[in-house]
Amino acid sequence: MRRSLGMFNATVLAFGFAFLYLPIVLLIVYSFNASRLVTVWGGFSTQWYVALWNNQALIDAAWVTIRVAFLSATAATLLGTLAAIALVRYGRFRGRTLFIGMVYAPMVMPEVITGLSLLLLFVAVDFNRGFWTITLAHTTLTMCFVTVVVQSRLISFDTSLEEAAMDLGATPFQTFLRVTLPLISPAIGAGFLLAFTLSLDDLVLASFTSGPGATTLPMRIYSQVRLGVTPEINAASTILIAIVATGVIGAGLLAKRNASRAREAEKNSGNS
Amino acid sequence: MNEMMPKPGRTHFLRMLVPAVPLLWLAVFFLLPFLIVLKISLSYYVTAQPPYAPVWDWGDISGYFSALSFENYRMLVEDSIYFSAFLTSIRIAGISTFLLLIVGFPIAHAMARAPVSWRPMLLALVILPFWTSFLIRIYAWIGILKPEGLLNQLLLFCGAISQPLDILNTETAIFIGIVYAYLPFMVLPLYATLEKLDESLIEAALDLGCPPWRAFWAITVPLSKSGIIAGSLLCFIPAVGEFVIPDLLGGSETLMIGKTLWSEFFSNRDWPLASAVAIVLLALLVIPIVIYQNSEARRLEEKP
Amino acid sequence: MSQRVRLGAVRSTFSPWNDPTAKPLIQFQSVTKQFSDTVAVTDLSLDIYEGEFFCLLGPSGCGKTTLMRMLAGFEQPTSGKIILGGRDLSGVPPYRRPVNMMFQSYALFPHMSVERNIAFGLRQDGMPAKEIGDRVLEMLRLVQLEPLARRYPAQLSGGQRQRVALARALAKRPKVLLLDEPLGALDKKLREETQFELMDLQNDLGTTFVVVTHDQEEAMTMADRIAVMNKGHIEQVGTPGEIYEQPQTRFIAEFVGDVNVLEGKVAGRDETGHWHVETSASQTFLTVDDPDEVLHDGQSVAIAIRPEKMIVGRHLPLSSPNLMSGEVWDIGYLGDWTVYRIRLDCGSFIRASRANVNRYVDNPISWDEGVQLSFAPDSAVILSR
């Protein structure tokens, strides 16, 4: 039944999203501000983007961050998906309650606690802190978010599809590979992206667990923020936002195209 | 239940791997560290690398235990700074969670009532800010809230105030920051629950003589209880230990426990004391964490 | 001379729609409802009288649900008025109308017990607690669910949930009770029982019932009057007998019950007053009656004959009216009836059905046999559209 959004709801949404996006819009605007100061508009300029290009420290940090994010997100997706499968499909196994507890706890645990504890672990086993410790830390934090995303998809999964595959001769493993996995892959993809973002953005965990030569972008930005920022950071953020927005819009358009193709196919098959 | 058929022998081992691998990882990288923190909290500070003693000596266990001290915990109890930091953190987190509910519920509700074709886009819009640097968005609020900042400029311009408001470096700024940063964490669980709500229940209530606002309190709110709990805990618990927001927006007056832990660790290099702070914080949050885990476990069960 | 009355034309003495002094309880006046890209209801006018058991019948998408929701107050008409008891309902929200609805999905509040569900509407009115208790008990007795008062909806069967939904909707003693596909979720046996229960209930309470359904058997069994809807219009309003035996359009003839439609051309009258129609179905012309006097010579016409009005046999008397011949293509044995699908010599198909009156039959008609068909001139209905 086609219903339009009431006036009240539409206003709520408008204000809510305005609140969410105001700082972002400001960031983008001021990245083009010729003046350094937030309060003064000095005219349109791309000088900060140029400065960004030359800011080796920032670029290095960005590179570290991306590598850490990619590796940790991959590991987190793998672990998180396994955990989700165990939670949804394995019924009551020994240690399930403990399992559930351990999967959900990192989601809510304050990062200062997890950061501190991981650092102490690395020190206790005399593991050199740096790139890999940050990666391990991020994997641990983000895998539970992947679990939540994949698990909710698994729960709404139509198991009669798997039953049909097995009826037609596929073993459970083959069924999983060729029926289940492809169908839940959007959720797994979403989990990966979520893990990637959380890693990209994390300051506290990285600060505790990093070592010499492994400074992430948030760490670099934080140290600069305390001192006084140049709008190069705004420029960096704007670039990041642009990349992400393009990705999301692209994914959305792709999804829409697939949906309308599916609708066309249905219509045609109905006519024939 | 969606149990796969039991299989013998080798494949059974493979099946066992599925929960075992993540479980093992979490046991090593999540549980074990807590034990280490506990152990270190019972040590004392030395100017050494690492800056605590006694260090675990596999040979001398009895000597190790006799050297343990509760000095750190005594300091926490005696020095009122820590006590008030704990209280402040809980208070601020609590108020922020309440504000998050007030702001987030209407948004989630409006999203759940939106035309179906809009919903993926609305969801994406809520999640998108996630993708931009958290640190930088908080930093942007500095620019908005400071005395020469945007908000004050706007209010002075409209004549709503005559003196710039002192928001930055106060608790109010922290509230704004937490609500801003944690909003998706409140909206998403609420939206998930509200979306599943059968609209015909609201229509039935209207049909039976209930005006819309009363139908909201009698039907919508009770039936979205699990989402409210999940969203609230998902925001409250991490907010208690929040560091970045009080550090950037709260100034030196507001002392939250996350900042305390950070400065004990990085500035004072007093790892044992920082560990003690962490253990106490953990103890305070244990009950909410367990409630959250139970609520999620129950949500796992109840879905069809 | 005895009055020849068409079967089904008169059902009972209750017929306020025939009384010129009676004022209708509900009036739809030129109601149109347009959604953003479709028109659900177009310029529809309808009168429903107090105490009627009224049915809105039609295929999905015909607009019947939209009409009902406008009466309940969940949609507002784009144009036109809805009058209830003399009062214009424009702009009146659903919680201020003396109309209550039994939802298709029942919409029972899952977090409230049966008792509290039924009491819900009464508490909205601010009724004193003691009275609420008494009324809830009365309702529980009415639907025979007294022992289940404390249970929750999740603990009830489908049939029990339906009765709770009914009790809840009747608790406020509304002037009009709307029922949205009330029997759809029930299995066949339960459906039949519930049909009669609903009729008895309506009779006892005297409340005006408006039922929306796509199941014509349901409508025919329960309703005093039926409005057959198609594509946002009302095609015909009448008693079940009128709808069945005097369908005004081809759509109605085909939607309600089974029917054979023969097309042909009028070719004059004979001395007995019967009209002759030339069709491909018969070697000679067909003879039909035209009591409403719509026919004239040379007109293209469609005539409808219900299968049970067809007489079928191996050899029928030569004097049988409207004799046709063909072979048995298919037989459907339904227990109480047998349906024959017969391929006429000209190629078109006719359905004939007859009741299995005897348990034992010598030499029953079988597949591929040659048979003859006949029907009386007054069994045919002339379809105007």
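In the block above lies the structure referred to throughout.
On a predicted model such as this, the values are computed, not experimentally measured, just so you know. (Residues numbered from 1 in each chain as written. Chains lettered and ligands numbered in written order. Predicted model: local features only at pLDDT ≥ 70, side-chain atom pairs only at ≥ 80, totals over all residues.)

1. Remarks on the sheet that holds strand S8 (residues 208-213) of chain C
Each strand in a sheet pairs with its neighbour through backbone hydrogen bonds, running either in the same direction (parallel) or in the opposite one (antiparallel). Residue and element names in this part refer to chain C. The following threshold applies: Here, any two strands with at least 2 DSSP bridges between them count as paired. The helix and strand labels rest on DSSP assignments: H or I over at least four residues marks a helix, E over at least two residues marks a strand, and numbering proceeds from the N terminus. In this analysis, axes come from line fits to C-alpha atoms, helices being fitted only over the stretch in contact, and the angle between any two N-to-C directions falls in the range 0 to 180 degrees. Each residue gets a C-beta atom placed from its backbone, and two residues are in contact if those atoms lie within 7 Å.
Taken together, the six strands give an open sheet; going across it, the order is S6-S7-S8-S3-S9-S10, and neighbouring strands pair in mixed fashion. Single-partner strands in this sheet number two, and they are strand S6 (99-102) and strand S10 (233-238). Between one strand axis and the next, the sheet turns by 20° as a mean value, whatever way the strands run. On top of the sheet, helix H1 (residues 64-72) reaches strand S3 (53-57), S6, strand S7 (176-180), S8 and strand S9 (225-230); it is set at about 145° to S7, its chief contact.

2. Quick look at the packing of helix H1 (residues 7-31) of chain A against helix H4 (residues 80-113) of chain B
Note the threshold: Here the word oblique covers every angle except those under 35 degrees (roughly parallel), over 145 (roughly antiparallel) and from 65 to 115 (roughly perpendicular). By the definition used in this description, the sense in which the near helix is turned from the far one sets the handedness, with an anticlockwise turn below a right angle giving left-handed and a clockwise turn giving right-handed.
Look at H1 of chain A against H4 of chain B: their axes get within 9 Å of each other, and the N-to-C directions meet at 120°. Classed by the angle they form, the pair H1 of chain A and H4 of chain B counts as oblique. In terms of crossing hand, the pair formed by H1 of chain A and H4 of chain B is left-handed. Contacts between H1 of chain A and H4 of chain B pair Asn9, Val12, Leu13 and Gly16 of chain A from the former with Pro106, Ile107, Ala110 and Arg113 of chain B from the latter.

3. With respect to the pairing of S10 of chain C
All names here are of chain C. Here five bridges tie S9 to S10, and the two strands are oriented antiparallel to one another. Paired with valine 228 across the two strands is glutamine 236, which belongs to S10. With antiparallel pairing between neighbouring strands as the criterion, S9 and S10 make up a hairpin whose turn holds two residues, including lysine 231 at a positive phi of roughly 50°.

4. Points about the environment of leucine 177 of chain A
Residue and element names in this part refer to chain A. Stated precisely, the cut-off is as follows: Partly exposed residues are those whose C-beta has more than 12 but fewer than 20 other C-beta atoms within 10 Å; with 20 or more the residue is buried, with 12 or fewer it is exposed, and the C-beta atoms are placed from the backbone.
Assignment of secondary structure puts leucine 177 in helix H8 (residues 172-201). Judged by the 12 C-beta atoms lying within 10 Å of it, leucine 177 falls in the exposed class. On a C-alpha basis, the gap between leucine 177 and glutamate 264 in space is 28 Å, while along the polypeptide they are 87 residues apart.

5. Structural notes on the interface of chain A and chain B
Facing the 67 residues of chain A at the interface are 76 residues of chain B. When contributions to the side of chain A that touches chain B are tallied by element, the ones reaching two or more residues are H1, helix H3 (56-89), helix H4 (96-108), helix H5 (111-124), helix H6 (131-155), H8, helix H10 (217-227) and helix H11 (232-271) of chain A.

6. Side note on the sheet that holds strand S12 (residues 275-279) of chain C
Residue and element names in this part refer to chain C. One open sheet accounts for five strands, arranged S13-S12-S11-S14-S20; its pairing is antiparallel. The two strands at the open ends of the sheet, each matched to only one other strand, are strand S13 (286-288) and strand S20 (381-383). Neighbour-to-neighbour, the strand axes of the sheet open up by a mean angle of 45°, direction not taken into account. Note: strand S11 (residues 260-269) against S12, four bridges, orientation antiparallel. In the sheet register, arginine 269 faces S12, and the bridge partner there is tryptophan 275.

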